[in-house]
Amino acid sequence: MKYALYFIGSIVLFLSCNKQTIGIDKTNDLVMREEESHSYVYKNKYTVSEIYFYRGGENPAREVITEKEAQKYIIPSFNVFNLDEVKIDFNKMQLYEIKGVSKTNKNISITNDTLYHVENGKREVSGIVELDKSRYSYFKTYYYYRFQNEKIKLENSGSVSEILTQKDAFQKANLSFKNTEYGFNSLADMKNKNDVVCWVVVSFTLERNDP
């Protein structure tokens with residue numbers, strides 16, 4: 001017997017403020033069916049949905065830069081997706097990330113068409129699935145930061161599989177040197193003109209690829 005579950009709720013505030021930017025503008029709910037799971041693969045289509053760039057100095061501030069300029073700070077190309085496959089089990093509420101023989105899974109929840117996972121006790125956005133489940137938008141944020149003064153220069157970069165917004169600028173441990181001797185606890189701490197905090201939100205479009 002087929003049945004439907006409707007996941008109804010409101011998207012958290014920071015997503016509501018960025019609907020047009022990251023494409024979360026759906027109003028209908030996904031329909032779940034018994035024993036339904038799908039495989040999704042990357043078909044070389046991506047979108048840079050947001051770029052955050054802060055530079056230090058006498059008047060530290062956020063600056064507007066292009067995708068090409070942001071790529072100078074972040075080594076991985078934005079169009080390179082490092083997973084072979086993403087599988088979503090809509091009944092068990094599990095998302096599997098597959099690379100070669102390696103597989104990791106996340107417990108997920110769904111509100112409307114938005115998939116969430118829990119990271120460090122906080123619900124984070126994993127991606128957006130089309131209502132007919134034909135495509136899945138996988139979100140990833142690449143980050144880079146640099147601390148510099150007359151004695152030392154520190155740099156770090158990486159990525160997280162979630163959306164980071166402006167309010168995350170000096171709150172995420174991997175986006176700053178917070179609570180260390182060389183740290184940015186706020187924009188005001190970026191006193192050197194070479195200090196940089198940058199992160200880029202990328203949406204990878206995955207197509208359904210069921211056997």
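Definitions and cut-offs
- Residues numbered from 1 in each chain as written.
- Predicted model: local features only at pLDDT ≥ 70, side-chain atom pairs only at ≥ 80, totals over all residues.
- Heavy atoms only, no water.
- Core = buried A, V, L, I, M, F, W, Y, C linked by side-chain atoms within 4.5 Å.
- Buried < 20%, exposed > 50% of the residue type's maximum accessible area, 1.4 Å probe, protein only.
- Helix = DSSP H or I, 4+ residues; strand = E, 2+ residues; numbered from the N terminus.
- Contact = heavy atoms within 4.5 Å.
- Salt bridge = Lys/Arg side-chain N within 4 Å of Asp/Glu carboxyl O.
- Pairing = 2+ DSSP bridges.
- Phe/Tyr/Trp six-rings, centres within 6.5 Å; stacked < 30°, edge-to-face > 60°.

J.: Hey, could you run me through the nonpolar core in this one?
T.: Side chains that are nonpolar tend, in soluble globular proteins, to be buried together. Core analysis: the largest hydrophobic core is formed by 29 residues, its most contacted members being Val86, Ile88, Tyr136 and Leu206. Per element, the largest residue contribution to this core is six residues, and it comes from strand E10 (residues 196–208). Apart from residues lying up to four places away in sequence, Leu206 is in contact with Tyr40, Val41, Tyr42, Phe81, Val86, Ser134, Arg135, Tyr136 and Tyr138. By size, the runner-up hydrophobic cluster in this structure holds 17 residues, among which are Phe139, Tyr143, Val160 and Met190.

J.: How should the pattern of salt bridges be read in this particular structure?
T.: Pairing is possible between side chains that carry opposite charge, provided their charged atoms lie close to one another. Taken as a whole and judged by the stated rule, the model has six salt bridges. Note that Arg55 is salt-bridged to Glu63, the shortest N-O span being 3.2 Å. Looking at Glu63, the relative accessible area reads 31%, which means it is partly exposed.

J.: What exactly am I supposed to notice about the pairing of strand E1 (residues 37–55) here?
T.: Taken residue by residue, a regular strand's side chains alternate between the two faces of the sheet. Sheet topology places E1 next to strand E3 (residues 85–89); four bridges connect them, and they run antiparallel. Looking across to E3, one finds that Ser39 is bridged to Lys87. In this sheet, E10 lies alongside E1 in antiparallel orientation, the contact comprising 13 bridges. Paired with Val41 across the bridge in E10 is Glu207. As defined by bridge partners, E1 adjoins strand E2 (residues 61–62) across two bridges and the pair is classed as antiparallel. Bridging from a neighbouring strand, Tyr54 pairs with Arg62 of E2.

J.: Is there a simple way to explain unusual backbone geometry in this structure?
T.: Leave glycine aside and you will find that most residues have negative phi; peptide bonds, for their part, are mostly trans. Of note, Asn44 is a non-glycine position whose phi angle comes to about 65°, a positive value. Checked against the element boundaries, Asn44 lands in strand E1. The phi torsion at Asn112 lies on the positive side, around 55°, for a residue other than glycine. Among the structural elements, Asn112 can be located in the loop between strand E5 (102–111) and strand E6 (114–119).

J.: I'm lost on the environment of Cys198 in this one. Help?
T.: Relative to the helices and strands, Cys198 resides in strand E10. Relative accessible area serves as the criterion here: at 0%, Cys198 is assigned to the buried category. As a C-alpha pair, Cys198 and Tyr145 span 53 residues in sequence and 6.1 Å in three-dimensional space. If sequence neighbours within four positions are ignored, Cys198 has contacts with Tyr52, Phe53, Tyr142, Tyr143 and Tyr144.

J.: Got a minute to help me understand the packing of aromatic side chains in this structure?
T.: Remark: the centre distance and the inter-plane angle together describe each pair of aromatic rings, the angle taken between the planes. Under the definition given, this model contains 11 aromatic pairs. The interplanar angle of 80° and the centroid separation of 5.1 Å between the aromatic rings of Phe81 and Tyr138 together place this pair among those described as edge-to-face. Here Phe81, found in the loop between helix H3 (67–71) and E3, pairs with Tyr138, found in strand E8 (residues 135–148); they are 57 residues apart in sequence, far enough to count as distant. Looking at Phe81, the relative accessible area reads 11%, which means it is buried. By relative accessible area, which is 4% here, Tyr138 ends up buried.

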